Structure formats: structure tokens, C-alpha cells
Amino acid sequence: MVAFTMTACKKDGDSDNSGTTDECSYKVTIDGVTTQPNQFGKDKIVFTTSADTEDPEDRGFALSIDQAKTNSTEKSVLMLMGRALLNSKLATGDYPAIAFSTTAFSNPQFAQWPYYVFSEEDNDTGALALTILENSDKRIRVKASGEVAKAEDGYTQVSIVPVEVEITIGRKHYTEVPVEGELFGGAYCDCQK
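Scoring rules and cut-offs
Counting restarts for each chain, with residues numbered from 1 along the sequence as it is written. Given that this is a predicted model, residues contribute local features only at a pLDDT of at least 70 and side-chain atom pairs are listed and counted only at 80 or more, while totals for whole chains, interfaces and linings are drawn from all residues. Only hydrogens and water are set aside when side-chain values are computed; all heavy atoms of the structure are taken into account. Going along the chain from the N terminus, every DSSP run of H or I of four or more residues is numbered as a helix, and every run of E of two or more is numbered as a strand. When a residue's accessible area, from a 1.4 Å probe over protein chains only, is under 20% of the maximum for its type it is buried; when over 50% it is exposed; and in between it is partly exposed. Computed with the Shrake-Rupley method and a 1.4 Å probe, the accessible areas treat only the protein chains shown as cover for residues. Criterion for a salt bridge: a side-chain nitrogen of Lys or Arg within 4 Å of a carboxyl oxygen of Asp or Glu. Residue contacts are counted whenever heavy atoms from the two residues lie within 4.5 Å of one another. Grouping into patches uses exposed residues only, defined as over 30% relative accessible area, and leaves out salt-bridged ones; the cut-off is 9 Å for like charges and 5 Å for nonpolar side chains (Val, Leu, Ile, Met, Phe, Trp, Tyr). His is not counted, nor are the chain ends, whereas Lys and Arg count as positive and Asp and Glu as negative. Every charge is mapped to an atom, namely NZ of Lys, CZ of Arg, CG of Asp or CD of Glu. In this description, the term disulfide denotes a pair of cysteine sulfurs within 2.5 Å. Planes of paired rings set the category: under 30 degrees apart is stacked, over 60 is edge-to-face and the rest tilted, where pairs are Phe, Tyr or Trp rings (Trp by its six-membered ring) whose centres lie within 6.5 Å. A ring is scored as having a charge over it whenever the NZ atom of a lysine or the CZ atom of an arginine sits within 6 Å of its centre and within 35 degrees of its normal.

Engineer: In this structure, what is going on with the overall build of the chain? I would like to understand it.
Structural biologist: A count of helices and strands for the chain gives zero helices and 12 strands. Along the chain, helices and strands appear, N-terminal first, in the series β-β-β-β-β-β-β-β-β-β-β-β. Across the 193 residues that make up the chain, the buried fraction comes to 45%. Carbon and sulfur atoms make up 47% of the accessible area of the chain, which amounts to about 9,300 Å² in all.

Engineer: What should I look at first to understand the pattern of salt bridges in this one?
Structural biologist: Note on pairing: side chains with opposite charge can pair once their charged atoms come close. Applying the stated criterion to the full structure yields eight salt bridges. A salt bridge links R141 to E134, with the shortest nitrogen-to-oxygen separation between them at 3.5 Å. Here the residues in one salt-bridge network are E23, E134, R139, R141 and E166, joined through shared partners.

Engineer: Explain the environment of A129 to me, please; I cannot follow it from the model alone.
Structural biologist: When you line up the elements, A129 lands in strand β8 (residues 126-135). Given a relative accessible area of 39%, A129 falls into the partly exposed group. When the C-alpha positions of A129 and G82 are compared, they lie 9.7 Å apart, and in sequence the two are 47 residues distant. When neighbours within four sequence positions are excluded, A129 is seen to be in contact with K143, A144 and S145.

Engineer: Sorry, what's going on with unusual backbone geometry here?
Structural biologist: With the exception of glycine, most residues fall at negative phi, and the peptide bonds are largely trans. With an omega of 0 degrees, the peptide bond between W113 and P114 qualifies as cis. Here P114 shows up in the loop between β6 (93-103) and β7 (115-119). A positive phi angle, near 50 degrees, is found at D31, a position not held by glycine. By the element assignment, D31 lies in the loop between β1 (24-30) and β2 (33-35). For N38, which is not a glycine, the phi torsion comes out positive at approximately 60 degrees. Among the secondary structure elements, N38 is positioned in the loop between β2 and β3 (44-52). With relative accessibility at 0%, the residue N38 sits in the buried group.

Engineer: What is the right way to read the side chain of T102 from this model?
Structural biologist: Take T102: it is sitting in strand β6. For T102, a relative accessible area of 0% translates into the label buried.

Engineer: What should I look at first to understand a negative patch on the surface in this one?
Structural biologist: On the surface, a cluster of negative charge is made up of D52, E54, D55, E57 and D58. Per element, the largest residue contribution to the negative patch is three residues, and it comes from strand β4 (residues 55-68). Looking at where D55 falls in the secondary structure, it is placed in strand β4. Under the relative-accessibility criterion, D55 is labelled partly exposed at 34%.

Engineer: Got a minute to help me understand the state of the cysteines in this structure?
Structural biologist: Between two cysteines, a covalent bond joining their sulfur atoms is known as a disulfide. With the rule as written, the count across this model stands at one disulfide. Put simply, C24 and C189 are joined by a disulfide, and their sulfur atoms are 2.1 Å apart. Here the S-S torsion is close to 110 degrees, and the disulfide linking C24 with C189 is therefore right-handed. With C24 in strand β1 and C189 in strand β12 (residues 182-190), this pair connects stretches of sequence that are 165 residues apart. Like C189, C24 is buried.

Engineer: Looking at this model, I keep getting lost on the packing of aromatic side chains. Mind explaining?
Structural biologist: Two numbers describe a pair of aromatic rings. These are the distance of the centres and the angle of the planes. A complete count under the given rule lists three aromatic pairs for this structure. Through successive ring pairs, a cluster of aromatic residues spans F47, F61 and Y174. In this structure, R171 is placed above the aromatic ring of Y174, and the distance from its NZ or CZ to the ring centre is 4.8 Å.

What follows is the structure, given as C-alpha cells:
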């Protein structure tokens, strides 16, 4: 089940929305370099939740950032997945990270390499901690931090590098629907400068 809602992203220098519900922002730091919304063009954030009706333990959520580059036809896509049904009832705290992947976020032009990846099934891809920092009537804040594998051309792993991602979605832009006794939610953020 997927639900989408339009919203706006906050960039450094914009007015402070900390008391409102219209936030939609991110901060990505990979190998010591930080990137925030709309550095090269308009970015988007998509949030979805899912669950297997036959296996109640198979629940998850996905957060993705579509980062625009200076060439409007190019983008980098960051994907972060966690093992929890992230809806308005989920408690804050730590949950298992399932996967992480992205190309470079700090470059103004798209490049296929380096590629950063983590999988809970592969110990060679680092270790990632996933925390729901806030799940209030104002916003959802999710943070992932740890180490991921950095791969170069041909998926040859060259190193393990630090990563930290924080994503905020204002509750105003979140849609939630009940399905077979469970709440499923989602959001779509079209970032604005």
C-alpha cells in the first residue's frame, strides 16, 4: 500500500518551521561531505510503508530522496529501508536497517561511481543503525548512521565509509489509511527553495 501527498522542502536560510507541520527536509553526510535539499535543483522525497499480509513479521518502510543535478535530466537516488511498519502508532527508537544505496550526493553532475551500499544480509557492506527520532503529530524524523561500502567501477569495493542521513517529513504532508486492521502511510515531497 502506498500513499502520496505533495509538500515542500526546507533549505538552510529558509524561515524556521520547527513549530509547524509543513517541514520536508533532509541532510545527507557521506564520507564527511554534507548535502542538503535543492543544492543543484529541485529535490523530492518519497516515503512508503508495506507489510506482507501472510507474514506479520515482514513489515517495512522505504524513504528515497531523488536529488536533482545541475543538468535537469539527471538525478541521484538515495534509498533507505527499515524493518518496521512506520505509521502514526510506531514508537520512537531503534529499528533494523534493511538496505541503503546511493550514488554521490555532493557532486553537481550525476556520476554512476562511486556507489554506496549497505545490506543487512551482507556483513561486508558495513553496519547501519536506524532510529525513529520523532513520530509526533507535527513530524516524522528518521536517522540512519554508521558505515557503508563504497564501490567503484564494476562494483569493486574500495573502502568502508561513514554515512549519516536524517530525513524529516511534516505530518501535514503524510497520508495514512487503514488496511485489514493495520495503518499504512506515505508521503511525497516536491522540494521548494
